[in-house]
Amino acid sequence: MNANGTGGHQQHALADGELGASDWAAIDPMQVRTSKGVRHYFTGALYFWQRSRSHVWCESQEERWEVLWLDYGGQVTRLWAQPMAIAFGHGSRLSGHWHIPDLLAQFTDGSYGLFDVRPAELVDDRARRQFDETAKVCDALGWHYRVLTGHDPLATRNLDCISASRHDRCRPTARVEALIMDAARGGRTRGELCRIVSPDCPPLACAWVDNLAWRGLLKLDLAATFSSDTVFTTSEQVREGALANA
């Protein structure tokens, strides 16, 4: 079911396989719950989802971090915020209650799934019951379901730095991309790669190098401190692809 943020027009449907098989991308679900603004650690944000050229509303910084990781993972093509309200019916332990999942995703294989965001330390018995019942609804729909409970804080900060170069404007030309990939086959620091690609102005190449890392063409240790000394290495997947095409 979906609704507009003002509580006006609503559509209701039973959670079954037929509903789950609907083309939700064409439906383009509207956000059910409106933002309550900045309150305590709930600082809202809009995350630009480049694949669909649209913004995803994040109710808190925790949600934004999870959306960032989903984007980096590359398995989600479209993402909607707070897309529906689930009213739990008879037979559910939460009968008479309802829940608004945080995110609806369409994956690269065309399937759909719901995500809830809750830091691990805040997942109590009440939350577990709600998540368990939501998982049952997803089973009826034929969807995936997962609770996102956070990542290593340093890795998240590092990924956030790299994400500034995720946009198409930071993508290098094919010639420059090949040069970076070749130079990084044995492992090179970020600073070295920038000097190799743009010796007259190394900082110019930072966005190009980081763009390849965001796209998974270069590997790095996100759990270590990110700097000009961070080592980037051409990923094994890219190497295998190059050998296959040789």
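Thresholds applied
Residues numbered from 1 in each chain as written. Predicted model: local features only at pLDDT ≥ 70, side-chain atom pairs only at ≥ 80, totals over all residues. Heavy atoms only, no water. Helix = DSSP H or I, 4+ residues; strand = E, 2+ residues; numbered from the N terminus. Buried < 20%, exposed > 50% of the residue type's maximum accessible area, 1.4 Å probe, protein only. Contact = heavy atoms within 4.5 Å. Areas by Shrake-Rupley, 256 points an atom, 1.4 Å probe, with all protein chains shown as cover. Pairing = 2+ DSSP bridges. Phe/Tyr/Trp six-rings, centres within 6.5 Å; stacked < 30°, edge-to-face > 60°. Axes fitted to C-alpha atoms, helices over the stretch in contact; angles between N-to-C directions.

Caption draft 1: Representation of the overall build of the chain in the model. What the chain contains, in helices and strands, is nine helices and 13 strands. Considering the chain as a whole, with its 246 residues, one finds that 44% of them fall into the buried category. Residue pairs in contact within the chain that sit at least 24 positions apart in sequence constitute 60% of those at least 6 positions apart. Of the roughly 13200 Å² that the chain leaves accessible, carbon and sulfur atoms contribute 52%.

Caption draft 2: A look at the sheet that holds strand β11 (residues 188–189). Strand order in the open sheet made by the three strands is β11-β13-β12, with antiparallel pairing throughout. One side of each edge strand has no neighbouring strand; the edge strands of this open sheet are β11 and β12 (218–219). As judged from the two bridges shared by β12 and strand β13 (residues 231–234), these two strands associate in the antiparallel manner. Each bridged residue has a counterpart across the sheet, and for leucine 218 the counterpart in β13 is threonine 234.

Caption draft 3: Representation of the packing of aromatic side chains. Summed over the entire model, instances satisfying the criterion amount to six aromatic pairs. Taking 5.4 Å as the distance between ring centres and 50° as the angle between the ring planes, the aromatic pair formed by tyrosine 72 and tryptophan 214 counts as tilted. Placement of tyrosine 72 in helix α3 (residues 61–73) and of tryptophan 214 in helix α8 (residues 206–214) is noted, with a sequence separation of 142 residues between them. We classify tryptophan 214 as buried; its relative accessible area is 8%. Measuring from ring centre to ring centre gives 5.9 Å for tyrosine 112 and tryptophan 143, while their planes differ by 40°; the resulting arrangement is tilted. One end of the pair, tyrosine 112, is in strand β9 (residues 112–117); the other, tryptophan 143, is in the loop between α4 (125–141) and β10 (144–148), with 31 residues separating them in the sequence. Residue class for tyrosine 112 comes out buried when judged on its relative accessible area of 6%.

Caption draft 4: Focus on the sheet that holds strand β5 (residues 76–81). Strand order in the open sheet made by the four strands is β5-β8-β9-β10, with mixed pairing throughout. The open sheet is flanked by β5 and β10, the only strands paired with a single partner. Averaged over all pairs of adjacent strands, the angle between their axes in this sheet comes to 25°, without regard to strand direction. Pairing of β5 with strand β8 (residues 103–107) involves five bridges; the strand directions are antiparallel.

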